Amino acid sequence: MITKKDIEHVALLSRLELTGPEKDMYTRQLNDILNHFQFLARLDTENVQPTAHVLPLQNVFREDWVGRHISREDALANCPDREENYFKVPKIV
Amino acid sequence: MPQYETVIGLEVHVELKTRAKIFCDSTTEFGGAPNTHVCPVCLGLPGVLPVVNKKVVEYAIRAALALNCKIARFSKFDRKNYYYPDMPKNYQISQHDLPIAKHGYLKIDTENGAKKIGITRLHMEEDSGKLVHQGTITASPFSLVDYNRAGVPLIEVVSEPDLRSPEEARQYMEKLRAIILYTGISDCKMEEGSLRCDANISVRPVGTDGFGTKAEIKNLNSFKALQRSLNFEIERQIKTLEAGGRIIQETRTWDEGKGETLSLRSKEHAHDYRYLPDPDLVPLLIDRQWVEDICGSLPELPDHRRERYIKEYGLPDYDAAILTNTKELADYFEDCVKVCPNPKAVSNWIMGDFTRLLNLHGLEITECKITPQNLASLLGLIEQGTISGKIAKTVFAEMFAGGTDAETIVKEKGLVQISDKGAVIAIVEEVLVTNPGPVADFRAGRERALGFLVGRVMKATQGKANPELVNKLLREKL
Ligand SMILES: [Zn+2]
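Along every chain, residues carry numbers that run from 1 in the direction the sequence is written. Lettering of chains starts at A and numbering of ligands starts at 1, both following the order in which they are written. Where local features are concerned, this predicted model is filtered to residues with pLDDT of at least 70; where side-chain atom pairs are given and counted, the filter is 80 or more; whole-chain, interface and lining totals use all residues. Only hydrogens and water are removed before side-chain values are computed, so all heavy atoms of the structure are retained for them.

K.L.:
A description of the coordination of the zinc ion should follow, citing residues and the corresponding values.
P.N.:
Residues and elements named next belong to chain B. In this analysis a donor is any N, O or S atom within 2.8 Å of a metal ion (3.2 Å for sodium, potassium and calcium), and since water is not included, sites may seem incomplete. Looking at the zinc ion, one finds its protein donor set to be Cys24 (SG), Ser26 (OG), Cys39 (SG) and Cys42 (SG), positioned 2.2 to 2.3 Å from the metal centre. Geometry is assigned from donor-metal-donor angles: four donors are tetrahedral when every angle falls between 85 and 135 degrees, four are square planar and six octahedral when opposite donors sit over 155 degrees apart with all other angles between 65 and 115, and any other arrangement is irregular. Around the zinc ion, the four donor atoms are arranged such that angles at the metal cover 98 to 122°; this shape is classified as tetrahedral. Along the chain, the residues donating to the zinc ion are arranged with the sequence spacing C-x1-S-x12-C-x2-C. You can see cysteine 24 sitting in the loop between strand 1 (4-15) and strand 2 (52-53) and its partner cysteine 39 sitting in the loop between strand 1 and strand 2, a full 15 residues away along the chain. For every residue, the accessible area obtained with a 1.4 Å probe (protein chains only) is divided by the maximum for its type, and the residue is called buried under 20%, exposed over 50%, and partly exposed between those limits. Residue cysteine 39 is classed as buried on the basis of its relative accessible area, which comes to 5%. Put simply, DSSP marks the helices as runs of H or I at least four residues long and the strands as runs of E at least two long, and each gets a number from the N terminus on.

K.L.:
Quick rundown of the interface of chain A and chain B? Include the residues and the values.
P.N.:
Interface size is commonly expressed as the accessible area that is lost once the parts come together. Only heavy atoms enter the contact rule, under which two residues are in contact if any of them lie within 4.5 Å. Contacts between the two partners involve 34 residues from chain A, matched on the other side by 54 residues from chain B. Computed with a 1.4 Å rolling probe, the buried area is the accessible surface lost when two parts are put together, summed over both parts. For the pair chain A and chain B, the two sides together bury roughly 4200 Å², of which 61% comes from carbon and sulfur. Every case where a carboxyl oxygen of Asp or Glu lies within 4 Å of a side-chain nitrogen of Lys or Arg is listed as a salt bridge. The interface formed by chain A and chain B contains zero salt bridges. Secondary structure elements with two or more residues in the side of chain A that touches chain B: helix 1 (4-13), strand 1 (61-62), helix 3 (72-76) and strand 3 (86-90) of chain A. Broken down by element, the residue count for the side of chain A that touches chain B peaks at five residues, all from strand 3 of chain A. Following the grouping adopted for this structure description, the nonpolar residues are Ala, Val, Leu, Ile, Met, Phe, Trp, Tyr, Cys and Pro, the charged ones are Asp, Glu, Lys and Arg, and the polar ones are all others, Gly among them. Per-class residue counts for the side of chain A that touches chain B are 17 nonpolar, eight polar and nine charged. Two strands qualify as a pair provided that DSSP identifies no fewer than 2 bridges between them. The pairing of strand 3 of chain A with strand 10 (residues 142-146) of chain B spans four bridges and is classified as antiparallel. Within strand 10 of chain B, the residue paired with Phe87(A) across the bridge is Val145(B).

K.L.:
Quick rundown of the side chain of Asn81(B)? Include the residues and the values.
P.N.:
Residue and element names in this part refer to chain B. Within the secondary structure, asparagine 81 sits in strand 5 (residues 78-81). At 2.6 Å, the side chain of asparagine 81 and the backbone oxygen of arginine 274 are in polar contact. Excluding anything up to four places from it in sequence, asparagine 81 contacts Asn90, Tyr91, Asp272, Tyr273, Arg274, Tyr275 and Leu276. Definition of a polar contact: a pair of N or O atoms within 3.5 Å, with one able to donate and the other able to accept a hydrogen when the atoms are protein atoms, and with sequence-neighbouring residues admitted only if both atoms are side-chain atoms.

K.L.:
A description of helix 12 (residues 421-434) of chain B should follow, citing residues and the corresponding values.
P.N.:
Residues and elements named next belong to chain B. Helix span is expected to be 1.5 Å times the residue number reduced by one. Here helix 12 is 14 residues long and its end C-alpha atoms lie 20 Å apart, about the 20 Å a rise of 1.5 Å per residue gives. Residues Val424, Val428, Val431 and Leu432 constitute the buried set of helix 12. The buried residues of helix 12 occupy an angular sector of 100° when projected down its axis, which confines them to one face. Across from the buried face of helix 12, at angles greater than 90 degrees, the exposed residues are Glu430, Val433 and Thr434. Packing partners of the buried residues in helix 12 comprise helix 13 (436-443), helix 14 (448-460) and helix 15 (467-477). Our arc is simply the arc of the directions from the helix axis toward the C-beta atoms.

K.L.:
Outline the pairing of strand 7 (residues 101-110) of chain B, supporting the account with residue identities and numerical values.
P.N.:
Residue and element names in this part refer to chain B. Relative to strand 7, strand 3 (residues 70-71) runs antiparallel, the two sharing two bridges. Across the sheet, residue isoleucine 71 finds its bridge partner in strand 7, namely alanine 101. The sheet contact formed by strand 7 and strand 8 (residues 113-126) spans nine bridges and is antiparallel. Of the residues in strand 8, the one forming a bridge with leucine 106 is isoleucine 117. With antiparallel pairing between neighbouring strands as the criterion, strand 7 and strand 8 make up a hairpin whose turn holds two residues.

K.L.:
Before we move on, could you go through the layout of surface pockets and cite the residues and values that matter?
P.N.:
All names here are of chain B. Reported here for the second largest pocket is a volume of approximately 770 Å³. Space inside and on the surface of the protein is sampled on a 1 Å grid over the protein atoms alone, with a cavity defined as a set of points where a 1.4 Å probe fits but cannot get out and a pocket as an open set with protein on both sides within 12 Å along at least 5 of 7 lines; lining residues have an atom within 4 Å of a point. Along the walls of the second largest pocket sit 27 residues, with Arg177, Leu181, Thr326, Glu328 and Glu364 positioned nearest its centre. Residue assignment for the lining of the second largest pocket shows that the elements contributing at least two residues are helix 2 (166-183), helix 6 (317-323), helix 7 (327-339) and helix 8 (343-361). Per-class residue counts for the lining of the second largest pocket are twelve nonpolar, seven polar and eight charged. Counting residues domain by domain, the lining of the second largest pocket receives three or more from each of domain 1 (4-293) and domain 2 (300-413). Grid points are joined across faces, edges and corners, and a volume is the space filled by probe spheres set on the points. For the domains described, the bounds stem from an automatic or database domain assignment.

K.L.:
Help me get a handle on unusual backbone geometry, residues and values and all.
P.N.:
Look at Glu84(A): it is not a glycine, yet its phi comes out positive at around 50°. With respect to the element layout, Glu84(A) can be found in the loop between strand 2 (82-83) and strand 3.

K.L.:
Account for the confidence of the model for chain A, with residues named and values stated.
P.N.:
As a general rule, the predicted coordinates of low-pLDDT regions are not to be interpreted in detail. By definition, pLDDT measures how confident the predictor is in each residue, and it falls between 0 and 100. Per-residue pLDDT for chain A averages 90, and the proportion of residues at 70 or more is 99%. Taking the mean pLDDT of every element in chain A, the minimum, 89, falls on helix 1 of chain A and the maximum, 96, on strand 1 of chain A.

K.L.:
Give me the sheet that holds strand 16 (residues 276-277) of chain B: which residues, what numbers.
P.N.:
Residue and element names in this part refer to chain B. Taken together, three strands build an open sheet; the order of strands is 6-5-16 and the sheet is antiparallel. Edge positions in the sheet fall to strand 6 (91-94) and strand 16, since each has one partner strand and no second. In terms of strand pairing, strand 5 meets strand 16 through two bridges, oriented antiparallel. Directly across from arginine 79, in strand 16, lies its bridge partner leucine 276.

K.L.:
Explain the nonpolar core to me, using residue names and the numbers behind them.
P.N.:
All names here are of chain B. We define the nonpolar core as a collection of buried residues of types Ala, Val, Leu, Ile, Met, Phe, Trp, Tyr and Cys that are connected through side-chain atoms lying within 4.5 Å of one another. Of all hydrophobic cores here, the largest spans 102 residues; its most connected members are Leu10, Ile155 and Tyr172. With nine residues, helix 1 (residues 54-66) is the single largest residue contributor to this core. In terms of domain composition, this core takes at least three residues from each of domain 1 (4-293) and domain 2 (300-413). In this structure, tyrosine 172 is in contact with Leu10, Val12, Leu106, Ile108, Ile117, Ile119, Val157, Ser159 and Leu163, ignoring residues within four places of it in sequence.

K.L.:
Go over helix 1 of chain B with me, naming the residues and quoting the values.
P.N.:
Residues and elements named next belong to chain B. In this model, helix 1 (13 residues) spans 19 Å end to end at C-alpha, consistent with the 18 Å of a helix rising 1.5 Å per residue. Counting buried residues in helix 1 gives ten out of 13 residues, a clear majority hidden from the surface. All of the buried residues in helix 1 are Val56, Val57, Tyr59, Ala60, Ile61, Arg62, Ala63, Ala64, Leu65 and Ala66. At the N-terminal boundary of helix 1, the capping side chain belongs to asparagine 53, with an oxygen 3.0 Å from the backbone nitrogen of lysine 55. Of the residues trailing helix 1, asparagine 68 is marked for its positive phi of about 60°.

Right, dumping it as structure tokens:
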């Protein structure tokens, strides 16, 4: 059972600012989703391996070769703020 | 006041010496102008697909085998979510519940003999970028970010809480470094951050089994910082408990300047990482044959080599431990022993003058000009009595500086030991005449006076006289 407190906690971790009505709505919606999983949990999965990935693939590797870097201007093109050749962000301590 | 016991576990990050990053083909080269060693993958741009560098997996397995770990047959990557701008994606790709290896150990030397320190797990992950602050971190309202290191491959090696003192922690760290260097997967330079350590530490009354509340110390970038911070933390925790206080589980940072650990209290729930399997990366199914091939390519590791030196060359354990500390030193020793019949003499020279000069000049053994063949011929000259042990030190210093071979130096400088009785006897007689005081002392039974007279003769011959012969002649004459 998800409480409003859980929603506030997850919102904080995700840096989301939620209004009172939004918190109520998400509490209800996430509970609905979890209830649906409760329903799925009734299935017998005794002999089913836990899924680590949705595709039936393993061992996709790249070789240890250095390729092309993008230009510094391209690298910094999307950043909201920069100083010289650095990304500039609000300090978080 | 009860006696306290310390419980320490270490988490060590080792940067791998691959050419490219862990999930993209950007270079891992150290340095470089800010944000130039990057591509859309390590910048976390939308729509990119990380693919694991095979060499990283190979190196992780290599390290794991050298640390006696069991390699997992099935392994996967997970996202560790946190909001901090050192990663552009807001998560770090790591391994959570299915690491590549578990259940290893390494051995350290203690007063009570060898001690096994358990290794809980070893996993692969990506390094983060670097935050730069102008002025002091507290004064600046901004952080500047360089993502050149973001995505550089790391392995994290987590020990069991088996360490009982800062000294044991340092030993563990040094041994781990030595083993990793043998495997050749990292250069383990603490000053460049390619070997880093976090320590978990708690105290408990002696005789109890449970663990006290632990603190985690971050930012330990030297062996000195490791030992000093642990010593500080032990004292702090015991003082707190003795004053009736409680230890808070928290992360602390080591302040080298102040010489103390400081609390890094954060407002948020720092350890709520919400791990989830990374859907961009498919799982790893490690083939037994691959593991066997890697195992077969490992060099002989320090512990094994040390034991062999004791058995094969009859060296004391002390010598064997020092000589096998690095692969380069051990290889050099073995090259010398191939051409020199006296392993203990080789060991003495390597551990003595050789190491002293290397340290003095800040050189690695691989940069040294003295070839094993040259060292062997120097030892040959001593053995045959051509030069005295004292002269040999001068010759050695000359060889070290110029790379010339011992015979040439001895010949050119006229350093051949004077073992001819006729040549020495005249000098002995002269010394006896010019030093009546010590002569009288010796005759009055003061043995020490003889040493003085020997010294005089040696000085008169510029150290070239055979000391045994001088001794013998002096005694005869007296
Ligand atoms: Zn990249």
